[in-house]
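Below are the chains, spelled out letter by letter.
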Amino acid sequence: MLRRPVIFAAGAAAALALTAAAKVAAPDGGDTYKQLGTLMSVFETVRANYVDKVNDKTLLDGAINGMLASLDPHSGYLDKQDFEQLKNLTDGEYGGLGLSVGMEDGAVRVIAPTDGTPAARAGIKAGDYITHLNGELVYGITLSEAVDKMRGDAGTTIKITIVRQGVAKPIDFTLKREVIKIKAVKSEIKGNVGVIRIASFSKNAGADTVAALHEIEGKLGPKLTGFVLDLRSNPGGVLDEGVDVSAAFLTHGEVVSQRGRDPHDIRRFNAPDRAIDDAQGKPLIVLIDEGSASAAEIVAGALQDHRRALVIGERSFGKGSVQSVIPLTPETGLRLTVARYYTPSNRSVQTAGIEPDIVIPQLSDADRGDRQRVHESDLRRHLINEIKLDARAIEDDGKPDPRFAGVNAAALKTAGVADYQMDYAVRTIARLAAPATAPTVVAAR
């Protein structure tokens with residue numbers, strides 16, 4: 001999430017320098033030169049004649065924001081504070097509420113709350129629309145402006161009003177901002193199954209995953225039946241960490257490739273060749289949902305393509321693009337979409353997401369059916385998927401699934417099942433070792 005950009009510190013001189021560069025570089029030369037000349041004319045006219053005095057920075061900020069707004073939703077300018085925030089996010093520590101948000105038709109929509117943060121603890125959910133912040137309507141403002149309003153010093157409070165599909169009235173939350181330290185990798189043991197939860201792909205996620213695998217193996221020894229890798233509501237992060245996590249479960253082969261505007265410019269990331277992976281070849285299930293994005297989709301797609309894991313849950317977010325941070329000054333930069341990424345079988349997940357091998361809705365979520373989930377394809381100006389999608393439907397047809405007749409949140413609560421998807425995954429792993437413990441519902445889609 002980015003603040004409103006502050007750019008073009010050199011003022012008009014920077015714009016004139018761009019004009020000169022464009023005259024040399026543009027294939028048609030004259031048209032680009034004329035358009036940039038028009039930009040400067042508009043700048044000077046507004047500066048001289050607007051009803052209220054406007055400073056140069058405000059005008060130039062608006063020009064740059066307009067330029068970037070014409071691109072995809074993941075490109076943007078990084079001012080000094082944004083650069084620092086990006087570093088903190090990468091390191092797994094930042095200040096805020098713990099919300100990943102996007103913009104849809106002028107409304108701020110929650111993509112996913114982050115584990116253990118004020119937003120997650122309060123009960124804000126994916127698909128919620130944020131309508132007011134401290135009583136002020138946020139509809140129609142930019143995403144950066146909305147994020148600015150949600151930021152603040154640790155310990156201060158903010159009132160957030162959300163609208164949730166299926167709930168008649170708006171819901172108010174009063175949240176206390178805090179410095180959020182994300183522990184990217186957590187692990188636990190359920191029966192004889194090792195469960196590894198990755199909340200984000202921040203620094204050391206790969207190494208921490210390997211350490212968690214070895215710790216579980218040491219505790220369970222020969223009783224270990226397999227692993228569940230939980231990537232739900234994981235918004236992604238550093239590409240290299242996603243590659244390292246994938247490689248922990250592979251013995252060879254490509255993890256992901258990325259391709260830029262030049263079709264011949266292909267960069268491939270591979271798992272190292274070895275006799276056995278860090279999971280000792282044990283059965284593996286990967287859990288995903290609509291909040292699983294970017295690097296989380298790289299991992300799920302790679303393990304699915306290599307037939308190393310059974311992917312269950314719900315279709316992922318569908319962010320199949322790569323962003324690079326291009327420095328402009330020592331303290332500022334441009335976050336620019338420079339490539340698309342592809343799974344080992346040449347699938348682009350852009351807008352399509354990763355389709356699970358077994359679709360398992362989160363039936364323990366009582367209001368799940370009333371909430372519309374958010375995907376990359378819902379974002380304005382999203383990149384298209386240039387590869388023809390397979391014939392499988394990627395949207396729920398709305399019809400009841402006969403596999404889950406009688407399974408609902410109330411019945412699961414009575415049975416003591418708080419997380420149906422996790423419960424299903426653990427029982428499925430256990431079934432591989434003891435068929436008598438098979439889940440009552442197992443059907444491939």
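Residues numbered from 1 in each chain as written. Predicted model: local features only at pLDDT ≥ 70, side-chain atom pairs only at ≥ 80, totals over all residues. Heavy atoms only, no water.

Asks: What am I meant to see in the sheet that holds strand 10 (residues 185–190) here?
Replies: Whenever strands of a sheet pair, they do so through backbone hydrogen bonds, lying parallel or antiparallel. Read from one edge to the other, the open sheet built from six strands follows the order 10-11-12-15-16-19, with strand pairing classed as mixed. Where the open sheet ends on each side, the last strands, each with one partner, are strand 10 and strand 19 (358–359). Relative to strand 19, strand 16 (residues 310–313) runs parallel, the two being bridged by two bridges. Bridging across to strand 19, G313 finds its partner in V359. Across the face of the sheet, helix 7 (residues 205–220) comes into contact with strand 10, strand 11 (193–198) and strand 12 (226–230) while running at roughly 20° to strand 10. (Pairing = 2+ DSSP bridges. Helix = DSSP H or I, 4+ residues; strand = E, 2+ residues; numbered from the N terminus. Contact = heavy atoms within 4.5 Å. Axes fitted to C-alpha atoms, helices over the stretch in contact; angles between N-to-C directions.)

Asks: Help me out: how do you make sense of the confidence of the model for the chain in this one?
Replies: In low-pLDDT regions, the fine details of the predicted coordinates are not to be read closely. Per-residue confidence for the chain gives a mean pLDDT of 82; residues scoring 70 or more make up 84%. Low pLDDT (under 50) marks residues 390–394, which in the prediction has eight contacts with non-local residues, meaning those over four places away or in another chain. (pLDDT = per-residue confidence, 0-100.)

Asks: How should I be thinking about the nonpolar core in this particular structure?
Replies: What tends to happen in soluble globular proteins is that the nonpolar side chains get buried as a cluster. Counting 42 residues, the largest nonpolar core has I196, F201, L229, L231, F249, V286 and L303 as its most contacted members. Mapped by element, the contributors of at least two residues to this core are strand 11, helix 7, strand 12, helix 8 (239–247), strand 13 (254–259), strand 15 (284–288), helix 9 (295–305) and strand 18 (332–342). When residues of this core are assigned to their parent elements, the largest contribution, seven residues, is made by helix 9. Those residues in contact with F201 that lie beyond four places of it in its chain are L231, N234, G236, G237, V238, E241, G242, V245, A295, A296 and V299. The next biggest cluster of nonpolar side chains, apart from the first, holds 19 residues, and it includes L99, I130, A146 and M150. (Core = buried A, V, L, I, M, F, W, Y, C linked by side-chain atoms within 4.5 Å. Buried < 20%, exposed > 50% of the residue type's maximum accessible area, 1.4 Å probe, protein only.)

Asks: Explain unusual backbone geometry to me, please; I cannot follow it from the model alone.
Replies: Excluding glycine, residues mostly have negative phi values, and the peptide bonds linking residues are mostly trans. With a phi close to 50°, N134 is a non-glycine residue in the positive phi region. Relative to the helices and strands, N134 resides in the loop between strand 5 (129–133) and strand 6 (136–137). Notably, Q280 is not glycine yet its phi reads approximately 60°, a positive angle. Of note, Q280 is situated in the loop between strand 14 (266–270) and strand 15.

Asks: Looking at this model, I keep getting lost on helix 7. Mind explaining?
Replies: Because each turn of an α-helix spans 3.6 residues, side chains separated by three or four positions end up pointing in the same direction. Relative to the 22 Å expected for 16 residues at 1.5 Å per residue, helix 7 spans 22 Å between its end C-alpha atoms, a close match to the ideal helical length. Three or more residues of helix 7 are buried, namely A205, G206, T209, A212, L213, I216, E217 and L220. One face of helix 7 carries all of its buried residues, which in axial projection span an arc of 130°. Away from its buried face, by an angle of more than 90 degrees, helix 7 presents the exposed residues G218 and K219. Turning to helix 7, the residues buried within the fold contact strand 10, strand 11, strand 12 and helix 8. Looking at the residues trailing helix 7, positive phi occurs at G221, about 55°. (Expected span 1.5 Å × (residues − 1). Arc of directions from axis to C-beta.)

Asks: Would you explain the packing of helix 7 against helix 8 in this entry?
Replies: What describes two packed helices is the angle between their axes and the distance between those same axes. For the pair helix 7 and helix 8, the least separation of the axes is 7 Å and the interaxial angle reads 20°. Here helix 7 lies roughly parallel to helix 8, going by the angle between them. Remark: the crossing between helix 7 and helix 8 carries right-handed chirality. Contacts from A205, G206 and T209 in helix 7 reach E241, D244 and V245 in helix 8. Among the residues making up the contact of helix 7 with helix 8, the classes are represented as two nonpolar, two polar and two charged. (Parallel < 35°, antiparallel > 145°, perpendicular 65-115°, else oblique. Left-handed = near helix turned anticlockwise from the far one by under 90°. Nonpolar A, V, L, I, M, F, W, Y, C, P; charged D, E, K, R; others polar.)

Asks: Help me out: how do you make sense of the environment of D265 in this one?
Replies: In this fold, D265 is placed in the loop between strand 13 and strand 14. With relative accessibility at 47%, the residue D265 sits in the partly exposed group. When the C-alpha atoms of D265 and A339 are compared, they prove to be 9.5 Å apart, with 74 residues separating the residues in sequence. Apart from residues no more than four positions distant in its own chain, D265 is found in contact with Q258, R259 and G260.

Asks: Help me out: how do you make sense of the pattern of salt bridges in this one?
Replies: A side chain of one charge can pair with a side chain of the opposite charge if their charged atoms are brought near each other. Within the structure shown, the criterion is met by 17 salt bridges. The closest approach of N and O atoms between E215 and K219, which form a salt bridge, is 3.2 Å. Residue E215 and its partner K219 are located together in helix 7, separated by four residues, close to a single helical turn. For E215, a relative accessible area of 41% translates into the label partly exposed. The salt bridge involving R427 is made with D423; its shortest N-O contact spans 2.8 Å. Taken together, the residues span about one helical turn, with R427 and D423 both in helix 11 (residues 420–433) at a distance of four residues. Where salt bridges share partners, they join R197, D230, R232 and D419 into one cluster. (Salt bridge = Lys/Arg side-chain N within 4 Å of Asp/Glu carboxyl O.)

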